Amino acid sequence: MIEAGKTTFTQEIIVEHKDTAAVYGSGKLEVFATPAMVALMENTAIRSLEGLLEPDSDTVGIEINTQHIKATAVGQKVTCKASVIEVDGRRIRFEINAWDEKGQIGHAIHDRFIINPIKFMSKL
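I will try to describe carefully the structure that is included in this document. (Residues numbered from 1 in each chain as written. Predicted model: local features only at pLDDT ≥ 70, side-chain atom pairs only at ≥ 80, totals over all residues. Heavy atoms only, no water.)

Looking at the element boundaries, Thr-79 is found in strand E3 (residues 77–88). Residue Thr-79 is classed as buried on the basis of its relative accessible area, which comes to 7%. Excluding its chain neighbours within four sequence positions, the residues that come into contact with Thr-79 are Thr-10, Gln-11, Glu-12, Asn-97, Ala-98 and Trp-99. (Helix = DSSP H or I, 4+ residues; strand = E, 2+ residues; numbered from the N terminus. Buried < 20%, exposed > 50% of the residue type's maximum accessible area, 1.4 Å probe, protein only. Contact = heavy atoms within 4.5 Å.)

Below you can see the structure in the form of structure tokens.
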């Protein structure tokens, strides 16, 4: 069961060259890219729901409000934690925090919506 205040997941990555702003095209520097941080945040939220959804269900991200507040160098560890803070029908809201070895680097509020993948894809 997905529960606010109880459903969480934490994961760690090591920032690689492929994760940099220079590679993503979101900047020229060899630092952890904002799009890479957002992807890590969404993935952490998704992974917090593993085993909790009905077999014919999945989720899609519908909104993310994020701030990337500090740069992280290649080779540093980034930890990301997603916590469910609200469940409203099929909408699940997460608070997500990310930090590196020197402190917090970003935070977000992220909404995901429970969908049936077959019905969802048939509407495209």
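Bringing the sheet that holds strand E1 (residues 8–14) into the picture now. Taken in spatial order, the five strands make up an open sheet running E1-E3-E4-E5-E2, and their pairing is antiparallel. In the strand order of this sheet, the two ends are held by E1 and strand E2 (58–68), each with one partner. When the angles between neighbouring strand axes are averaged without regard to direction, this sheet yields 20 degrees. Summarising the sheet, E1 and E3 pair through seven bridges and their orientation is antiparallel. Looking across to E3, one finds that Glu-12 is bridged to Thr-79. Across the face of the sheet, helix H2 (residues 34–48) comes into contact with E1, E2, E3, strand E4 (91–100) and strand E5 (103–115) while running at roughly 135 degrees to E2. (Pairing = 2+ DSSP bridges. Axes fitted to C-alpha atoms, helices over the stretch in contact; angles between N-to-C directions.)

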